[in-house]
Amino acid sequence: MLPIYSDKDIKNFLRRMYRFWENNPEKVKFKNMRDTHGLCWFIVENDEEHGEMVYTDVIELSPKGELIPTIIHEHIHHFYPFLSETNVIKVEKYVMKHMSARQIKSIMKKFGETVCY
Ligand SMILES: [Zn+2]
């Protein structure tokens, strides 16, 4: 079963994404890339103070790529790190097909206000 398969799931996904942007504006950035529209990097770091490995990730988006589908795609990787690329693409297509114009507008607005300022 894919993690997003209803309008309610899309709503929750967008809400999570906006919260992530507000709390981690430095983790989503524009970068010119030749071969791809976006990347979600996973970095594993050794937290010496607590003696454990912590993982973090950074999302890079090409300013000249297909921005909205790429934002959705990379955040699916971020929220569901164990989902295969094939299933990430399936979820991305589902979200793109079912989002309302108003939801797309709100992504553009929040993106401009929080991460891409
Ligand atoms: Zn991917």
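Data block above holds the structure.
Fair warning: this is a prediction, and the values are worked out from it, not measured in the lab.

**Description of the sheet that holds strand E3 (residues 52–61)**
Point 1. Strand order in the open sheet formed by three strands is E1-E3-E2, and the pairing between neighbours is mixed. Two strands lie at the open edges of the sheet, namely strand E1 (28–30) and strand E2 (38–47), each paired on one side alone. The mean inter-strand angle of the sheet, taken between neighbouring strand axes irrespective of direction, is 30°.
Point 2. Relative to E3, E2 is paired through 10 bridges, and the arrangement is antiparallel. Bridging across to E3, glutamate 45 finds its partner in valine 54.

**Here's the deal with the nonpolar core**
Point 1. Counting residues in each nonpolar core, the largest one holds 25 residues, and the members touching the most others are Leu14, Met17, Trp21 and Ile107.
Point 2. Setting aside residues up to four positions removed in sequence, tryptophan 21 forms contacts with Val28, Ile71, His75, Ile107, Lys110, Phe111, Thr114 and Val115.

**With respect to the coordination of the zinc ion**
Point 1. The zinc ion binds to the protein through His73 (NE2), His77 (NE2), Glu85 (OE) and Glu85 (OE); the donor distances cover 2.0 to 2.5 Å.
Point 2. One way to put it: the four donor atoms around the zinc ion meet at angles of 56 to 133°, and that makes the site irregular.

**Things to note about a positive patch on the surface**
Point 1. The grouping of Lys11, Arg15, Arg16, Arg19 and Arg102 at the surface amounts to a positive patch.
Point 2. The element best represented in the positive patch is helix H1 (residues 7–23), accounting for four residues.
Point 3. With respect to the helices and strands, the residue arginine 15 is situated in helix H1.
Point 4. Residue classification places arginine 15 among the partly exposed positions, given a relative accessible area of 47%.

**Details of the environment of arginine 19**
Point 1. Examined against the element boundaries, arginine 19 turns out to sit in helix H1.
Point 2. Assessed through its relative accessible area of 47%, arginine 19 is described here as partly exposed.
Point 3. Between the alpha carbons of arginine 19 and threonine 114 there is a distance of 9.8 Å; along the sequence they are 95 residues apart.

**Some words on helix H4 (residues 101–115)**
Point 1. Along its 15 residues, H4 runs 21 Å from first to last C-alpha, staying within 8% of the 21 Å computed at 1.5 Å per residue.
Point 2. Summarising the contacts, the buried residues of H4 are in contact with H1, E1, E3, helix H2 (67–79) and helix H3 (85–98).

**Some remarks on the packing of aromatic side chains**
Point 1. Per the stated rule, a full pass over the model turns up five aromatic pairs.
Point 2. Measuring from centroid to centroid gives 5.8 Å for tyrosine 18 and tryptophan 21, while their planes differ by 55°, and the two rings are tilted. Highlighted residues: tyrosine 18 and tryptophan 21, both in helix H1, separated by three residues, approximately one helical turn.
Point 3. A relative accessible area of 11% places tyrosine 18 in the buried class.
Point 4. Accessibility expressed as a relative area gives 0% for tryptophan 21, which makes it buried.
Point 5. Three or more aromatic residues joined by ring pairs make a cluster, and in this case those are Tyr18, Trp21, Phe30 and Phe111.

Rules of the game
- Residues numbered from 1 in each chain as written.
- Predicted model: local features only at pLDDT ≥ 70, side-chain atom pairs only at ≥ 80, totals over all residues.
- Heavy atoms only, no water.
- Pairing = 2+ DSSP bridges.
- Helix = DSSP H or I, 4+ residues; strand = E, 2+ residues; numbered from the N terminus.
- Axes fitted to C-alpha atoms, helices over the stretch in contact; angles between N-to-C directions.
- Core = buried A, V, L, I, M, F, W, Y, C linked by side-chain atoms within 4.5 Å.
- Buried < 20%, exposed > 50% of the residue type's maximum accessible area, 1.4 Å probe, protein only.
- Contact = heavy atoms within 4.5 Å.
- Donors = N, O, S within 2.8 Å, 3.2 Å for Na, K, Ca; no water.
- Tetrahedral: all angles 85-135°; square planar, octahedral: opposite > 155°, others 65-115°.
- Patch = residues over 30% accessible without salt bridge, like charges linked within 9 Å, V, L, I, M, F, W, Y side chains within 5 Å.
- Areas by Shrake-Rupley, 256 points an atom, 1.4 Å probe, with all protein chains shown as cover.
- Salt bridge = Lys/Arg side-chain N within 4 Å of Asp/Glu carboxyl O.
- Lys, Arg positive; Asp, Glu negative; His and termini not counted.
- Charge placed at Lys NZ, Arg CZ, Asp CG, Glu CD.
- Expected span 1.5 Å × (residues − 1).
- Phe/Tyr/Trp six-rings, centres within 6.5 Å; stacked < 30°, edge-to-face > 60°.

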